Structures are given as C-alpha cells and as structure tokens.
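Structural features, examined
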Amino acid sequence: MKLAPGTPLTASLTFNEDQGPLPVGRLAMAGGLAQLEWSPELIAAPMPVSALLYPPEPGLHPARGRDFDGLHGFLSDSLPEGWGYLVMRRRLSKLGVAIETLSALDRLALVGDHGRGALTYRPPTAPPPEVDSLDLDALAAESTAILAGEEGDLADTLATLAGGSGGARPKVHVGFDAEGRISVSDGETAAGHEAWIVKFAATNDPPDIGPIEAAYAAMALAAGLTMAPYRLLPSKTGPGYFATRRFDRPEPVRRLHMVSLSGAVEVPWRTPASYDLFLRATLAITRHADDLHAAFRRMVFNVLASNRDDHTRQHSYLMDETGGWRLAPAYDLTYSAGPGGEHYLDVEGEGKNPTREQARSLGRRHGLPDRLIDTIIDEVRAALGDWARFAEEAGVTKASRAEIAAALKDVAARFSP
Ligand SMILES: Nc1ncnc2c1ncn2[C@@H]1O[C@H](COP(=O)(O)OP(=O)(O)OP(=O)(O)O)[C@@H](O)[C@H]1O
Ligand SMILES: [Mg+2]
C-alpha cells in the first residue's frame, strides 16, 4: 500500500487507453511538500497541464503550500474526496493499513489508473478487487449503512466502484452498453461501454434527491447551460437514482484531463471565494469568450436556482491531447441552502442575496455587453419560472416542490428588471 522508500511516483496523461501515456513528471515528498519534476516530453510540447500555476519548465517545482495535503492543486484533484476517501479508508483498514499513515503520494499511487480525468500514476500499489454485484438498490442500501458506520458484504464492491470519486455523496462509476444495461470491469468501464456516475443519497439529503437533481438538470438545459447527458435510474425502493455521463470519458477508450477551479487556482473548496475569481480563471485558462459567457450564465443560474453549494470544486476545466483547455459542463446542480444560507462564491461581495444589479455589475467588469447580460438573465429566469413543470416531470415530491418553489420565488424577486 505504501510506495517503497525512495520510489518516485510518476504521473502521466492517458488520453487514449489504446495508446501509450504521455509522461507528465516525477514526484517525491520533501519536508511535507511534493516536489514535481516535469518530464522532458511535457517541457518540449509544452503543455499547460496544471492550467495556471507551475509552468512546464525544467527544475524542481515544490507545491506552493500544505492546503492540498502538500500536493500541487491540480494533482490533489486526483485524490478521492469525502465518499471515495471513506470507502478507501475502510478497504485499507481491512488490509491492516491505517490511511492516516499514508503520504499524499502513497494515496495517489492507490488511485493508479482509476482516477478522474486523464492523470494516471505509477507504480500502482493496489489491485482492484473483483466486482460481484450491480444491484443498485443493494449498493444504495449499503452506502447508507456505511455512512451510519456499519459494515456489510458489498463494501469492497462500493470501494472499487467509487474509483477516485469526488464529492461527498455516495456514488459509483459504472458503464452502460448500447441497450442501457449496466456493467463494470476492474473499476473501469468495460470495452465499448459509456462511462457514467450514479449518485446515491447522503444522510442529510431529502429522499427525492435523485428526482430533484434530474429536475435541476432539465431546468439548467432549458436555461442554456451545458450539461452532460443524465438520466434518472429506476429503483425498487425509492424514487430513483440520478446518473450523469462522465465528460472526462467522452467516448469509450478516450479520456480528457480535468482540473477543478479549486485545483487550478489553489483555493480549497471550503474557503469562500467569488464568482469574480471563477470568471477570471475561466478566461485565463480557456481564453474563450464563449466559456466566460457560460461561466456567467452558470452564476446567474446558481443564484436564481438557489444552488448555494457552488464551491471551487463544483466547477472544472477539461484539456484534450492538443493542450487546449475548455470549461467543463456544469454538474451537481441542485437546491441547496449553502453554509449559513450563503453561496460559497459571492457576487460582488454578496453571498446571501445577490441582486440583478450585482450580477450586471460583475458581468460588465468582465466586459460582457449589457444586452448579453440581460438576455442571459432573462433566459435563465424564464427556465426557472417552469420549476413546477420540471419538478413534476421528474417525480419530485409535493413537499419538496413547494419548499423549492418558495425559495425560488424569493430569489426571483431580487432579479426582476
Ligand atoms: N458528468 C460528470 N463527468 C465527469 N465528472 C463528473 C461529472 N459529474 C461530477 N463529476 C465529478 O465528480 C465529482 C463529484 O460529483 P458531484 O459534485 O455531482 O457529487 P456530490 O457528492 O453531490 O458533490 P458535493 O460533495 O459537492 O455535494 C465532481 O466534483 C466532479 O469532479
Ligand atoms: Mg459536488
């Protein structure tokens, strides 16, 4: 489970599983900080793998601080988060290893080939166990048990299917074949299958979290946001599981490199930040006006939809094999009260109740013409005005429909012209 002392960890980018990986660099810990040496191939390319920081130049590049377990932000994005960490910890403890004794590099080695995006790590230190069950209801029930501190027969399966998954909610990475049949193999998607993420409820989620997220996805598409294809998977025991197609696995065999806003600018997700930062980073990383406009539209949506769980890991960028960066589709859009009723990202300093004027002022500072700003706001408002229909179509309960409708009405009032 641990890298042998003195063994450097190598990171590579695997854009195509049928072709050789592109070496990214070598990593070693020194004084609690990871030291990165970019590979000659990457320096020659050169490719902006870290998006903004750590330009691909010769020499040793220490991580800038300890906020990300002593790792470089873009590498720490590969580590599993809340749920993925929990199942990894359980699996290791069964094998007699306390996860706390592992360095950040040991944990990257455990991610091996099965992380998010296209980054892969060598040498891998944990062979994935066999997967023996794909009964979603059984896996969902087991996730609930694990969150409650219990243990059952499917814990190993969940650990495998969690891959290097991010986010707090229990989730599994699975494949779908052309007929919509679910499949897995070795923690990665079986040949020819599409890669999807299936999400289960966290302890404090409403029971209809699946339908709510599906209604939000439909509403976001109507509001002009880009989202990955999604579906609500049937359940025998509840109202269904939200599933989203992985945009970092655009086709079988192909992978895209992914970095979160948090990893790119090295702002930990728990740290409140601003939409100004999101917009600035989006233009600096992608250099696409379209992506800047999409980021602005997402900001308007998150405010009007009361999606206050909009922290720096809720936004990502994707890089293809040519080294070009684009804003990733929106994900994890749902009704959320946020910490203390505040958005993680503020709009012109306002976290609780951003107004239309504040949104306009932010847009203007980023060079968006007034007409475009107003068009975006009005298009998003129109889509949000149809909440009742989206909610009913997705099977949201009456209670949740009413609660969310009341919240949305409140925000809309501050956004009327
Ligand atoms: N369609 C997708 N394609 C690829 N990666 C995705 C997709 N949707 C989500 N992700 C990745 O998985 C992570 C977890 O997903 P998501 O944010 O939906 O889960 P969550 O557990 O609800 O998160 P949170 O802890 O923020 O509530 C995201 O941070 C992102 O890195
Ligand atoms: Mg999330």
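Residues numbered from 1 in each chain as written. Chains lettered and ligands numbered in written order. Predicted model: local features only at pLDDT ≥ 70, side-chain atom pairs only at ≥ 80, totals over all residues. Heavy atoms only, no water.

1. Description of the site of ligand 1
- Ala-168, Arg-169, Lys-171, Lys-199 and Thr-244 are the nearest of the 21 residues found near ligand 1.
- Within the contact set of ligand 1, an oxygen atom lies 3.2 Å away from a side-chain nitrogen or oxygen of Arg-116.
- One nitrogen or oxygen atom from the side chain of His-311 is found 3.5 Å from an oxygen atom belonging to ligand 1.
- For ligand 1, the protein covers 93% of the area, taking 610 Å² as the surface of the free molecule.
- Looking at the shell around ligand 1 residue by residue, the class counts come to 6 nonpolar, 5 polar and 10 charged. (Near = heavy atom within 4 Å. Polar contact = N/O pair within 3.5 Å; in protein donor to acceptor, adjacent residues only side chain to side chain. Areas by Shrake-Rupley, 256 points an atom, 1.4 Å probe, with all protein chains shown as cover. Nonpolar A, V, L, I, M, F, W, Y, C, P; charged D, E, K, R; others polar.)

2. As for the nonpolar core
- Within the largest apolar cluster, 93 residues are counted, with the highest numbers of intra-cluster contacts made by Tyr-216 and Phe-301.
- Look past the residues within four positions of Tyr-216 in its chain and what remains in contact with it is Phe-301, Ala-305, Leu-333, Thr-334, Tyr-335, Trp-387, Ile-404 and Leu-408.
- If you look at the next biggest cluster of nonpolar residues, it comprises 22 residues, including Ala-155, Ala-159, Val-172 and Ala-243. (Core = buried A, V, L, I, M, F, W, Y, C linked by side-chain atoms within 4.5 Å. Buried < 20%, exposed > 50% of the residue type's maximum accessible area, 1.4 Å probe, protein only. Contact = heavy atoms within 4.5 Å.)

3. As for the packing of aromatic side chains
- Enumeration over the complete set of coordinates arrives at 10 aromatic pairs.
- When the centroid spacing of 5.2 Å and the interplanar angle of 85 degrees are considered together, the rings of Phe-200 and Tyr-241 count as edge-to-face. Of this pair, Phe-200 sits in the loop between strand S8 (194-199) and helix H7 (209-222) while Tyr-241 is found in strand S10 (residues 241-245), placing the two residues 41 residues apart along the sequence. Neither Phe-200 nor Tyr-241 differs from the other in exposure class; each is buried.
- An aromatic cluster is present here, built from Trp-38, Tyr-54 and Phe-74 joined pairwise through their rings.
- The ring centre of Phe-176 lies 4.2 Å from the NZ or CZ of Arg-231, which sits over that ring.
- Over the ring of Trp-196 we find Arg-231, and its NZ or CZ is 4.3 Å from the ring centre. (Phe/Tyr/Trp six-rings, centres within 6.5 Å; stacked < 30°, edge-to-face > 60°. Helix = DSSP H or I, 4+ residues; strand = E, 2+ residues; numbered from the N terminus. Lys NZ or Arg CZ within 6 Å of the ring centre and 35° of its normal.)

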